[in-house]
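What follows is the residue order along each chain.
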Amino acid sequence: MSQAAATSAAPPLPARRRAGKAGDAAFALACHAAGVFVLVLLGAIIALLFAGGWPAFRAFGLAFLASTDWDPVQEVFGAGVSLYGTAVTAVLALVLAVPVAFGIAFLLTELAPAPLRRPIGMAIELLAAVPSIIYGMWGFFVIVPVMAGTIQPAIIDTIGELPVVGALFQGPPFGTGILTAALILAIMILPFIAAVMRDAFAAVSPVYKESAYGLGATTWEVVRHVVLPYTRVSVVGGIMLGLGRALGETMAVTFVVGNANRISPSLFGAGNTIASLIALEFPESAMGSLKLSALLALGFLLFALSFLVLTISRWLLRPRLKG
Amino acid sequence: MNRRSFLLASGVAALLPLGARAEAAQITGAGATFPAPVYAKWGEAAQAAIGIQLNYQAIGSGGGQNQIVNRTVDFGASDAPVAADRLEQHGLLQFPAVMGSVVPIVNIPGVGTDQLRLTGELLAEIYAGRISKWNDPRLVEANRGVSLPNLAIAPVYRADGSGTTFVFTSYLSAVSPEWQRKVGANTSIRWPVGNGARGNDGVAGMVRNTRGAIGYVENAYATRNRLATAQLRNKAGNFVRPTMESFRAAAANADWSVPHFAASLIDTNGAESWPIVSPTFILLPKNPQDAARSANVMKFFDWAYRNGGRMAAELEYIPLPDEVADAVRAAWGREVKGPDGQPVWPPR
């Protein structure tokens, strides 16, 4: 019927419109449902984590955030150590990863000869596809012995002797610890940041760059004054993407962070992150126990932290977007 | 007509293997990781011998307790005995399945396996951070004839909540009043010093990687990884090596007449006893919804008590003494009642 109608000389417009309208409505409804579903899901997760963590929040109050106690025997729990560990490893990872990622993106878009660009770009993308447990095992069996045997003793004997900075590089050379975790995280988030930066740099219209070159600018000046300002939003977005992954990374960090519920002044000291603490303690937490509640509360805090990172990045970007 | 008979035939054909398969009764369990290797071995052998297929998930003692409280599995498994009021509240019967031992492992250059001699107090002092060098005078005094280097001690512990940690810290609490007061015993605790690693394998790996490290693992992991173990001084004052003989000596000296079989094999009497031995427990509902499945769980462990001893010993576990197994069977008959109010054991 419809075929015949469609091929007939006088198109039955009203009929098609009606069908179209119904289809449009159904499609719009489906899209709205999908959107609402995401909102409901997000809300449900937050509500569940908060409700689960409520006994811990009620028992310890605001002190839960700052308390560095984590004593399952006495049932005293605090988020201080794992919040500190999460923040320090993630920020250190960014400090280590961003310059390298920028270098890679710079090389791939401006410096490398065309035949090299594809293989290096592919390698970066493959690095992003390595599962995190592989990074954890590699870190534990390869990086940790190297850190314990060569790098840490050397640093402890040299920089560790200095008056102020030295405190950051002291203690027994276990190989594991905050710095090793940050190193592994940096390698893990590097491909994400590098890939976003490369795509952003590549998207800059050649006209702008050629104009700058035409005015006698060097490659560095072009990147510094033309490419970077043009792509600032994407670059910060890529960095935030990396930060988000670093905050939530679990398995790889668990292998190498040392898993101690203490805040150590030294970067070689063992620490903990929210995600790894939850992964380690969850199987041995009885239902209805304060410990399980404290772990759910930690999950809520991690959620809140990720939200905060997103909000700050938006806030940082806003005035520049207007300009 | 043809088509219908074909359908019928294929339907019957499809049903046939089902009927044959139904004879292999399935039981499900979840919990402790510590005895998981021996349960797996028993499950394999029991399927061939008595047709009971065990599906065991090693999700940790806490998880096992949660699952059996919710009755999502036929039995739960826990390394730490469950408190009497909690057993009562959830209608659970607790009985031991097998025993295991925890041994200290060390990585000290120039010190071979079982050369180092430690006491419980020294071990507690090391894990409290008050002995921090291998050439500490107190260690040197206990180890005349062994040359201990001037090397920092790197204590390693289980970072994940585990029955092994519960057993080890129970021992430290038993021998050191100060440890009991300041730290205590649990599946995870607040460690004063040291680094954590995940799982027995993680601890074994970190001790092997770190010069000057000391750790604790289940005996099977130390044997399998050829790690240097240490001697411990037992309650009788003798230094003993971690061997099957000293483990069995400890098991023979346990008092099993306590409620819920919650016997402590920590620091038992006996001249040859290894001081860190522990039973691991099974949790079974006293009021099973499905009496047949519950009976199959009991059949399985009954079979394991009779025939599983050699398999357990091969995996470095210590089989339960026969009189304890008899007491467990008596408890099954006394305490587990089906929906009809009749005892489930012995199976009818």
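Heads up: the structure comes first, above all this text.
1. Concerning the overall build of chain A
Reasoning step 1: Looking only at helices and strands, one finds twelve helices and two strands in chain A.
Reasoning step 2: In terms of overall dimensions, chain A is more spread out than a globule: its C-alpha atoms have a radius of gyration of 26 Å, far above the 20 Å expected for 323 residues.
Reasoning step 3: Expressed along its principal axes, the backbone C-alpha trace of chain A runs to roughly 90 × 65 × 40 Å.
Reasoning step 4: Burial status across chain A gives 41% buried among its 323 residues.
Reasoning step 5: Accessible surface for chain A amounts to roughly 16700 Å². Of this, 73% is attributable to carbon and sulfur atoms.
Reasoning step 6: Positive and negative side-chain charges of chain A, numbering 18 and 14 respectively, have mean locations separated by a distance of 19 Å.

2. Regarding the nonpolar core
One broad rule of soluble globular proteins: the nonpolar side chains tend to lie buried together.
Reasoning step 1: By size, the foremost hydrophobic cluster in this structure holds 163 residues, and its most contacted members are B:Tyr39, B:Trp42, B:Phe95, B:Leu118, B:Trp134 and B:Phe301.
Reasoning step 2: A per-element tally of this core places helix H7 (residues 178-202) of chain A first, with 14 residues.
Reasoning step 3: Beyond its immediate sequence surroundings of up to four residues, B:Tyr39 is in contact with B:Leu54, B:Tyr56, B:Ala77, B:Ala97, B:Thr280, B:Phe281, B:Ile282, B:Phe300 and B:Phe301.

3. Considering the interface of chain A and chain B
Reasoning step 1: Facing the 24 residues of chain A at the interface are 38 residues of chain B.
Reasoning step 2: Summing both partners gives a buried area of about 2500 Å² for chain A against chain B, and 50% of it is carried by carbon and sulfur.
Reasoning step 3: For chain A, the biggest contributors to the area lost against chain B are A:Phe174, A:Glu284 and A:Met287; these three give 27% of the whole.
Reasoning step 4: Two residues, A:Asp69 and B:Arg190, come together in a salt bridge whose shortest N-O distance is 2.4 Å.

4. A word on the packing of aromatic side chains
What characterises a pair of aromatic rings is the spacing of the ring centres plus the angle enclosed by the ring planes.
All names here are of chain B.
Reasoning step 1: By the definition in use, this model includes 36 aromatic pairs over all chains.
Reasoning step 2: Members of the aromatic cluster, joined through ring pairs, are Tyr39, Trp42, Tyr56, Phe75, Phe95, Phe300, Phe301, Tyr305, Trp332 and Trp345.
Reasoning step 3: Between arginine 117 and the ring centre of phenylalanine 239, over which it is positioned, the NZ or CZ distance is 5.9 Å.
Reasoning step 4: Just above the ring of tyrosine 221 sits the side chain of arginine 224; from NZ or CZ to the centre is 5.0 Å.

5. With respect to unusual backbone geometry
Residue and element names in this part refer to chain B.
Reasoning step 1: In this chain, tryptophan 345 is followed by proline 346 through a cis amide linkage whose omega measures -5°.
Reasoning step 2: Here proline 346 lies in the segment after helix H14 (322-335).
Reasoning step 3: With a phi close to 50°, aspartate 267 is a non-glycine residue in the positive phi region.
Reasoning step 4: Of note in this structure, glutamate 316 is not a glycine but carries a positive phi near 70°.
Reasoning step 5: Owing to a relative accessible area of 24%, glutamate 316 belongs among the partly exposed residues under this scheme.

6. Overview of empty space enclosed by the protein
Reasoning step 1: Applying the stated rule across the entire model yields three cavities of 30 Å³ or more.
Reasoning step 2: Looking at the largest cavity, its volume works out to about 130 Å³.
Reasoning step 3: Lining of the largest cavity is provided by 15 residues; of these, A:Asn259, A:Asn261, B:Tyr157, B:Ile189 and B:Trp191 occupy positions nearest its centre.
Reasoning step 4: The biggest single contributor to the lining of the largest cavity is helix H11 (residues 274-281) of chain A, with three residues.

7. As for the environment of A:Gly53
Residue and element names in this part refer to chain A.
Reasoning step 1: Assignment of secondary structure puts glycine 53 in helix H2 (residues 13-60).
Reasoning step 2: Put simply, glycine 53 and alanine 105 are 52 residues apart on the chain and 42 Å apart in space, counted from C-alpha to C-alpha.
Reasoning step 3: With sequence-adjacent residues up to four places away left out, glycine 53 is seen in contact with Ser293, Leu296 and Ala297.

Criteria and cut-off values
- Residues numbered from 1 in each chain as written.
- Chains lettered and ligands numbered in written order.
- Predicted model: local features only at pLDDT ≥ 70, side-chain atom pairs only at ≥ 80, totals over all residues.
- Heavy atoms only, no water.
- Helix = DSSP H or I, 4+ residues; strand = E, 2+ residues; numbered from the N terminus.
- Rg over C-alpha atoms; globule rule 2.2 N^0.38 Å.
- Buried < 20%, exposed > 50% of the residue type's maximum accessible area, 1.4 Å probe, protein only.
- Areas by Shrake-Rupley, 256 points an atom, 1.4 Å probe, with all protein chains shown as cover.
- Lys, Arg positive; Asp, Glu negative; His and termini not counted.
- Charge placed at Lys NZ, Arg CZ, Asp CG, Glu CD.
- Core = buried A, V, L, I, M, F, W, Y, C linked by side-chain atoms within 4.5 Å.
- Contact = heavy atoms within 4.5 Å.
- Buried area = accessible area lost by both parts, 1.4 Å probe.
- Salt bridge = Lys/Arg side-chain N within 4 Å of Asp/Glu carboxyl O.
- Phe/Tyr/Trp six-rings, centres within 6.5 Å; stacked < 30°, edge-to-face > 60°.
- Lys NZ or Arg CZ within 6 Å of the ring centre and 35° of its normal.
- 1 Å grid on protein atoms, 1.4 Å probe; cavity = no way out; pocket = protein on both sides within 12 Å on 5 of 7 lines; lining within 4 Å.
- Points joined across faces, edges and corners; volume = space filled by probe spheres on them.

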